[in-house]
Amino acid sequence: MVVEDFSQLQHKWACVQFIAEVSLIANCKPSDLKLALSLIADLTQDANNDAESNIYYEAE
(Lines give C-alpha, C1' and ligand atoms only; values in the text may rest on other atoms or scores of the structure.)
Protein backbone atom coordinates (compact mmCIF):
# COMPACT_ATOMS: atom_id res chain seq x y z
CA MET A 1 0.00 0.00 0.00
CA VAL A 2 1.48 3.33 -1.01
CA VAL A 3 1.37 6.47 1.10
CA GLU A 4 -1.42 8.11 -0.95
CA ASP A 5 -3.66 5.06 -0.51
CA PHE A 6 -3.00 5.02 3.23
CA SER A 7 -3.77 8.74 3.48
CA GLN A 8 -7.06 8.31 1.60
CA LEU A 9 -7.99 5.39 3.84
CA GLN A 10 -7.23 7.45 6.95
CA HIS A 11 -9.38 10.27 5.57
CA LYS A 12 -12.33 7.92 4.96
CA TRP A 13 -12.11 6.47 8.47
CA ALA A 14 -11.88 9.97 9.95
CA CYS A 15 -15.09 10.85 8.07
CA VAL A 16 -16.78 7.72 9.42
CA GLN A 17 -15.76 8.57 12.97
CA PHE A 18 -16.89 12.19 12.61
CA ILE A 19 -20.31 11.27 11.22
CA ALA A 20 -20.82 8.70 13.97
CA GLU A 21 -19.84 11.07 16.78
CA VAL A 22 -21.93 13.98 15.50
CA SER A 23 -24.92 11.70 15.00
CA LEU A 24 -24.70 10.47 18.58
CA ILE A 25 -24.23 13.91 20.11
CA ALA A 26 -26.83 15.79 18.04
CA ASN A 27 -29.91 13.83 19.12
CA CYS A 28 -30.85 13.41 15.47
CA LYS A 29 -34.31 12.69 14.16
CA PRO A 30 -34.65 9.04 13.08
CA SER A 31 -34.50 10.05 9.40
CA ASP A 32 -31.28 12.02 9.96
CA LEU A 33 -29.73 9.14 11.87
CA LYS A 34 -30.67 6.75 9.07
CA LEU A 35 -28.97 9.09 6.58
CA ALA A 36 -25.83 9.26 8.74
CA LEU A 37 -25.71 5.48 9.02
CA SER A 38 -26.10 5.08 5.27
CA LEU A 39 -23.22 7.53 4.72
CA ILE A 40 -21.09 5.51 7.11
CA ALA A 41 -22.02 2.29 5.32
CA ASP A 42 -21.11 3.78 1.94
CA LEU A 43 -17.75 5.05 3.18
CA THR A 44 -16.82 1.78 4.87
CA GLN A 45 -17.90 -0.28 1.87
CA ASP A 46 -15.68 1.83 -0.41
CA ALA A 47 -12.76 1.53 2.02
CA ASN A 48 -13.13 -2.24 2.28
CA ASN A 49 -13.36 -2.70 -1.48
CA ASP A 50 -10.18 -0.66 -1.99
CA ALA A 51 -8.31 -2.64 0.66
CA GLU A 52 -9.41 -6.03 -0.71
CA SER A 53 -8.24 -5.18 -4.21
CA ASN A 54 -4.66 -4.98 -2.92
CA ILE A 55 -4.72 -8.30 -1.05
CA TYR A 56 -4.79 -10.67 -3.99
CA TYR A 57 -2.24 -10.81 -6.77
CA GLU A 58 -1.51 -13.14 -9.63
CA ALA A 59 0.73 -16.07 -8.74
CA GLU A 60 3.78 -16.60 -10.89
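One can find the structure itself at the top, above this paragraph.
Rules used in this analysis
Residues numbered from 1 in each chain as written. Predicted model: local features only at pLDDT ≥ 70, side-chain atom pairs only at ≥ 80, totals over all residues. Heavy atoms only, no water. Helix = DSSP H or I, 4+ residues; strand = E, 2+ residues; numbered from the N terminus. Buried < 20%, exposed > 50% of the residue type's maximum accessible area, 1.4 Å probe, protein only. Areas by Shrake-Rupley, 256 points an atom, 1.4 Å probe, with all protein chains shown as cover. Polar contact = N/O pair within 3.5 Å; in protein donor to acceptor, adjacent residues only side chain to side chain. Contact = heavy atoms within 4.5 Å.

1. Topic: the overall build of the protein
Looking only at helices and strands, one finds two helices and zero strands in the protein. Here the protein, with 60 residues, has 12% of them falling under the buried criterion. With an accessible surface of roughly 5200 Å², the protein has 59% of that area assigned to carbon and sulfur atoms.

2. Describing the side chain of S23
As for its placement among the helices and strands, S23 is situated in helix α1 (residues 3-25). Engagement of the side chain of S23 in a polar contact is seen with the backbone oxygen of I19, the distance being 2.7 Å. Beyond its immediate sequence surroundings of up to four residues, S23 is in contact with C28, L33 and A36.

3. Topic: the environment of I40
Within the element layout of this structure, I40 appears in helix α2 (residues 30-53). What makes I40 buried here is its relative accessible area of 16%.

4. A look at the environment of L24
Position of L24 among the secondary structure elements: in helix α1. Note on L24: relative accessible area 69%, which makes it exposed. Taking C-alpha positions, L24 is 10.0 Å from A36, a pair spaced twelve residues apart along the chain.

5. A closer look at the environment of A20
Mapped onto the elements, A20 comes out in helix α1. Residue A20 is classed as partly exposed on the basis of its relative accessible area, which comes to 28%. Along the chain, A20 and L39 lie 19 residues apart, while their C-alpha atoms are 9.6 Å from each other.

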